[in-house]
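Observations on chain architecture
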Protein chains: 2
Amino acid sequence: MTPPRRHDDFAAPPPPAAETPCYPFAARARDLKRSEIREFLRHAGRPGMISLAGGLPAAELFDRDGLAAATAMVLRERPAAALQYGMTEGQPRLREALSALLRERGIAAADDGLLVTTGSQQAIDLLARIFIEPGDTVVVERPCYLAAVQAFALAGARLLTLPTDADGACVDRLDDCLGGPPPKFVYLVSTFANPTGATLAHERRLALLRWAVRHRVFVVEDDPYGELRFAGSAVPPLLALAAEVPGAADWCGYLSSLSKTVAPGLRVGWMQLPPAVAEQAGRVKQTLDLHTSSLAQEVAAAYLASGRLPAALVRARARYRDQAEALAAALRCRFGERLQFAMPEGGMFLWARFADGTDTSALLPAALAQSVLYVPGAAFYADAPERATLRLSYAGTPPELADEAAARLARALAAG
Amino acid sequence: MTPPRRHDDFAAPPPPAAETPCYPFAARARDLKRSEIREFLRHAGRPGMISLAGGLPAAELFDRDGLAAATAMVLRERPAAALQYGMTEGQPRLREALSALLRERGIAAADDGLLVTTGSQQAIDLLARIFIEPGDTVVVERPCYLAAVQAFALAGARLLTLPTDADGACVDRLDDCLGGPPPKFVYLVSTFANPTGATLAHERRLALLRWAVRHRVFVVEDDPYGELRFAGSAVPPLLALAAEVPGAADWCGYLSSLSKTVAPGLRVGWMQLPPAVAEQAGRVKQTLDLHTSSLAQEVAAAYLASGRLPAALVRARARYRDQAEALAAALRCRFGERLQFAMPEGGMFLWARFADGTDTSALLPAALAQSVLYVPGAAFYADAPERATLRLSYAGTPPELADEAAARLARALAAG
C-alpha cells in the first residue's frame with residue numbers, strides 16, 4: 001500500500017511508473033504545489049520521532065465520553081436526521097448551536113448568513129470558487145496558512161502578500177495591494193495565526209474594516225484557534241467589531257471550525273457571511289458535496305447542547321499553556337539568543353527564527369536524523385520565503401518531552 | 001429562517017434585498033444554473049404531499065440497530081481514529097472494506113487507486129477539477145444526472161450529449177463527439193441511471209471501453225444504484241469488464257457510494273481510478289476538505305465489517321421492487337397508453353413520457369395543487385429538453401399510496 005497522505009503531513013506517494021498514460025489534467029490541478037519537504041514529513045509517525053510539525057490537536061483532549069454519549073443519543077433519538085440526506089446549509093440543530101457559539105464570541109448575525117461546511121478547509125475552497133476568476137488577486141498574510149494558499153492557487157488567483165509583525169497583518173500596507181484591479185478578498189487568520197501565532201491587534205481590526213468598506217473589498221477572517229487562548233486578553237472577531245464600523249458587516253465573513261475545540265474527525269466547520277454571499281456559497285456547496293455529513297453534524301449539535309464544551313476548553317487551554325511554556329523554556333535554555341520567538345498567548349504554534357540565518361529547510365535532514373521534526377518556515381510563504389524561520393507545534397508534545405525535543409534540535413543544528 | 005435547501009429539492013431562498021452590495025462573484029459561480037422548478041419543489045415537505053420527486057432512499061430501510069452498534073463500537077474501541085485528523089485517501093479500515101465490496105462487483109483493483117470521497121458528489125466535482133479547463137468538452141448522457149451537469153458547468157466545461165435508449169447510452173454515437181478537441185471524459189450512470197433507470201447493455205459496455213482506448217478518452221462510470229437490482233440479470237461494471245479489453249483499465253474510473261445502500265447522511269463515497277489519476281485527485285481533495293469525516297468513515301467501516309449489509313440490501317431490493325411494481329401498476333391503470341415507461345429493474349426511478357406531448361414543467365403547478373410532486377424531465381437535459389418526460393421516484397412511496405399518487409397525477413392532467 002502506498003504510504004497514505006495525512007493532513008498537515010506532506011508525504012506524497014511515489015511518482016507513477018513510466019508506462020502510465022499521459023492524462024490530460026487541467027494545468028492548475030497538475031501544478032498544485034507539492035512541498036519539497038513532503039518526503040521528510042512522511043516520517044512523522046516513525047517510532048521515537050518527536051514531531052513538532054503537525055497541526056493535530058492532542059488526542060487526549062477529545063471528550064470521548066461526551067462524544068460517545070452525544071452519538072448514542074443521536075442514533076437512539078434522531079436516527080433519521082443523522083442518516084438521511086440533509087439540507088445544504090446544515091442541520092437546523094447544529095445551525096442553532098453554532099449561532100449560539102457566535103453570540104458568545106460577540107457576533108449576533110443573521111441566520112440566513114450561516115453555512116455549515118465540511119471543515120473550514122471547505123469554507124476556504126468555497127470562497128475561492130465563488131469569488132476567484134483566473135488572474136484575480138487575493139491578499140494573504142506573509143507568511144500564511146499553506147492550505148489556503150493552495151485553494152486560492154487552484155482557483156487561479158494571484159496572491160498579494162501583506163507583511164506581518166507581532167500584532168498580526170500590517171494593515172497600513174493594504175493600499176499597496178490596490179495598484180491593479182481590486183483584490184477579490186483579503187484572507188487572514190486573525191487570532192493565533194498559522195504559522196506565526198500572532199493575533200491581529202484591536203486597532204488594526206478596526207482599520208481593516210474601515211479599509212474594506214472604503215474600497216468595497218471582502219475580508220475573510222479565519223478563526224479556528226480563537227477559543228484556545230491561555231494568556232493575554234481576548235480581541236473580538238472582526239465580525240463582532242463590524243457593528244462599530246458603518247457598512248462593515250456587508251464586507252466581512254467569519255470562518256470557524258470544531259476541529260480544534262471538539263474533534264477534527266467530525267469535519268464540521270462553518271461560515272457566517274452576508275446573506276447574499278451565503279446564498280451564493282450554498283449554491284456552489286450543493287455542487288461540491290450536497291451537504292456535510294448529517295451524522296457528524298447531529299453528533300456535533302448534540303455535543304454542543306450537552307453543555308460539556310466549556311469544561312473541555314478549560315482543559316485544552318491549560319494543557320496547551322503547559323506545553324507551550326515547557327517548549328518555550330526548553331528552547332530558551334538550549335538556544336538562548338540564537339533562536340528568536342514570541343511566547344504564544346494561545347493556539348497551537350510557536351514561530352521561531354534563527355538569529356544566525358540558518359536555513360531551516362536545509363536543516364531538516366539533520367533534524368530527521370535526530371528524530372525531531374518541525375515545518376521549515378519556507379512552506380508558508382507565497383513569495384520570497386524567510387528561510388531562517390520554522391514552525392513548532394506544541395499541541396502534541398507533552399511537557400516532559402519538551403527538553404528532549406529542544407536537545408535534539410540543538411544536536412541537529414550542531415551537526416548540520 | 002429562510003426555508004432550507006435540501007438535496008434533490010430545488011427550493012431557493014428569496015432573492016437578496018435591494019440594498020445588498022454588488023459582490024464581485026466569479027461568473028461561473030454566479031451563473032450556476034438555478035432550476036425554474038425550485039419554487040415548486042420547496043413544497044415537497046408540505047403536509048399531505050405525496051412526493052415522487054426526491055432522490056432520497058426510504059428512511060425505514062436504514063439499518064439503525066446495525067449502525068448504532070457500529071457507532072458505539074467505534075467510539076468505545078477506536079475513538080482516536082474516529083475523532084482525529086485522518087489521511088486524505090481515507091481511513092485504512094474503510095479502504096479495505098470498500099476494496100472488498102469492489103471485488104464482489106468483479107473489480108479487483110490496485111489499492112493505490114482508491115480514494116474515499118465526501119459522497120460521490122465530491123468524486124464528480126474532483127474529476128471535474130482535475131480534468132476540466134474552461135472550454136473543454138465532457139460527454140454526458142441525454143438526459144443526465146443534474147448535479148453532475150452542474151459540477152461540470154462550474155468547472156467551465158461545454159457539454160456534449162449522447163442519446164440514450166432502453167439499453168442506456170448509444171455508444172455508437174460517440175464518434176459524433178470527436179469533431180473538435182477530444183473530450184476530457186465521458187460521464188455516465190451505467191446501471192439504473194438517474195433519471196432514466198436504464199442500464200447500459202453488456203455489449204455497449206465493451207464497445208465503450210474499446211472506443212475509450214482507441215481515442216484515449218477517460219470514462220467515468222458512476223454507480224450508486226447497481227446494488228439495488230430487483231429484476232433481470234446483473235451487468236458487470238465497466239471496470240470489471242476492462243480486464244477483457246487491452247489497455248482499458250488505464251482509461252476507466254468507477255464511482256460509488258454508500259448513500260443508497262447504507263445511509264446518505266454518512267456522506268461516504270469512493271472512486272477507483274488508475275493510480276496516476278487517483279494521485280492527482282487526492283492532491284486536489286486535500287485542498288477541498290482535507291479528508292472525509294473520520295467518524296463517518298470509521299462507522300461505515302465497522303458497519304461493513306459487521307456483515308449486516310447483505311441482509312439490509314435484500315430488504316431494500318424487496319421494498320423497492322414492491323414500490324416500483326405498485327407505482328407502475330397504478331400508472332398503467334390510471335393512464336393506460338397515455339403514459340409510456342419501461343418497468344425498472346432496479347434503482348429508484350421510473351422515467352415516463354406523455355404520449356400526447358404534455359409539457360410536464362407546465363403541468364407541475366396543477367400537480368402541486370393536487371398534492372403530488374414529480375421532477376419534470378426538462379431538469380435533466382443539458383440541451384434541448386424533451387418536455388413530455390418526467391421522473392417519478394418510487395423509493396419513498398409505500399405501495400398503498402401508489403394508486404392515490406397516480407390518481408392525483410391524473411386529476412392534475414385533467415385540470416391542467
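Residues numbered from 1 in each chain as written. Chains lettered and ligands numbered in written order. Predicted model: local features only at pLDDT ≥ 70, side-chain atom pairs only at ≥ 80, totals over all residues. Heavy atoms only, no water.

**Thoughts on the sheet that holds strand β14 (residues 389–393) of chain B**
Strand pairs in the sheet, formed through backbone hydrogen bonds, run parallel or antiparallel to each other. Residue and element names in this part refer to chain B. Spatial ordering of the open sheet is given by β10-β11-β14-β13, a layout of four strands whose pairing is antiparallel. Unpaired on one side and paired on the other, β10 (339–341) and β13 (375–376) mark the two borders of the sheet. Across five bridges, the pairing between strand β11 (residues 349–354) and β14 is antiparallel. Within β14, the position partnered with alanine 352 by the bridge is leucine 390. Helix α12 (residues 309–335) contacts β10, β11 and β14 of the sheet and is inclined by roughly 150 degrees relative to β10. (Pairing = 2+ DSSP bridges. Helix = DSSP H or I, 4+ residues; strand = E, 2+ residues; numbered from the N terminus. Contact = heavy atoms within 4.5 Å. Axes fitted to C-alpha atoms, helices over the stretch in contact; angles between N-to-C directions.)

**Looking at the domain arrangement of chain A**
Residues and elements named next belong to chain A. Taken domain by domain, chain A consists of domain 1 (27–62 + 311–415) and domain 2 (64–305). Relative to domain 2, the C-alpha centre of domain 1 lies at a distance of 25 Å. Across the contact, 31 residues belong to domain 1 and 33 residues belong to domain 2. Taking both sides of the interface into account, the surface hidden between domain 1 and domain 2 amounts to around 2900 Å²; carbon and sulfur atoms contribute 63%. It is Arg28, Phe62 and Glu345 in domain 1 that bury the most area against domain 2; as a group they hold 22% of the surface buried on that side. (Domains from an automatic or database assignment. Buried area = accessible area lost by both parts, 1.4 Å probe.)

**Observations regarding the interface of chain A and chain B**
On the chain B side, the residues contacting the 92 residues of chain A number 92 residues. Note on chain A versus chain B: buried area summed over both sides is about 8200 Å², and carbon and sulfur give 60% of it. Here arginine 129 of chain A makes a salt bridge to aspartate 125 of chain B, at a shortest N to O gap of 2.9 Å. Our enumeration of links across chain A and chain B arrives at 35 residue pairs in polar contact (both at pLDDT 80 or more). Take the side of chain A that touches chain B: its biggest share by element is 11 residues, from helix α10 (residues 275–289) of chain A. In terms of residue class, the side of chain A that touches chain B is built from 47 nonpolar, 22 polar and 23 charged. (Salt bridge = Lys/Arg side-chain N within 4 Å of Asp/Glu carboxyl O. Polar contact = N/O pair within 3.5 Å; in protein donor to acceptor, adjacent residues only side chain to side chain. Nonpolar A, V, L, I, M, F, W, Y, C, P; charged D, E, K, R; others polar.)

**What to know about the packing of aromatic side chains**
Residue and element names in this part refer to chain B. A complete count under the given rule lists 26 aromatic pairs over all chains for this structure. Relative to tyrosine 187, the ring of phenylalanine 152 has its centre 5.4 Å away and its plane inclined at 75 degrees; by these criteria the two rings are edge-to-face. Pair noted here: phenylalanine 152 is in helix α7 (residues 146–154) and tyrosine 187 is in strand β6 (residues 185–189), with a separation of 35 residues, a long-range link. The exposure class assigned to tyrosine 187 is buried, which follows from its relative accessible area of 1%. Between phenylalanine 230 and tyrosine 394 the ring centres are 6.2 Å apart and the planes differ by 70 degrees, which places this aromatic pair in the edge-to-face class. One end of the pair, phenylalanine 230, is in the loop between β7 (218–222) and α9 (238–241); the other, tyrosine 394, is in the loop between β14 and α14 (399–415), and 164 residues separate them in sequence. Comparing phenylalanine 230 with tyrosine 394 shows no difference in burial state: the two are buried. (Phe/Tyr/Trp six-rings, centres within 6.5 Å; stacked < 30°, edge-to-face > 60°. Buried < 20%, exposed > 50% of the residue type's maximum accessible area, 1.4 Å probe, protein only.)

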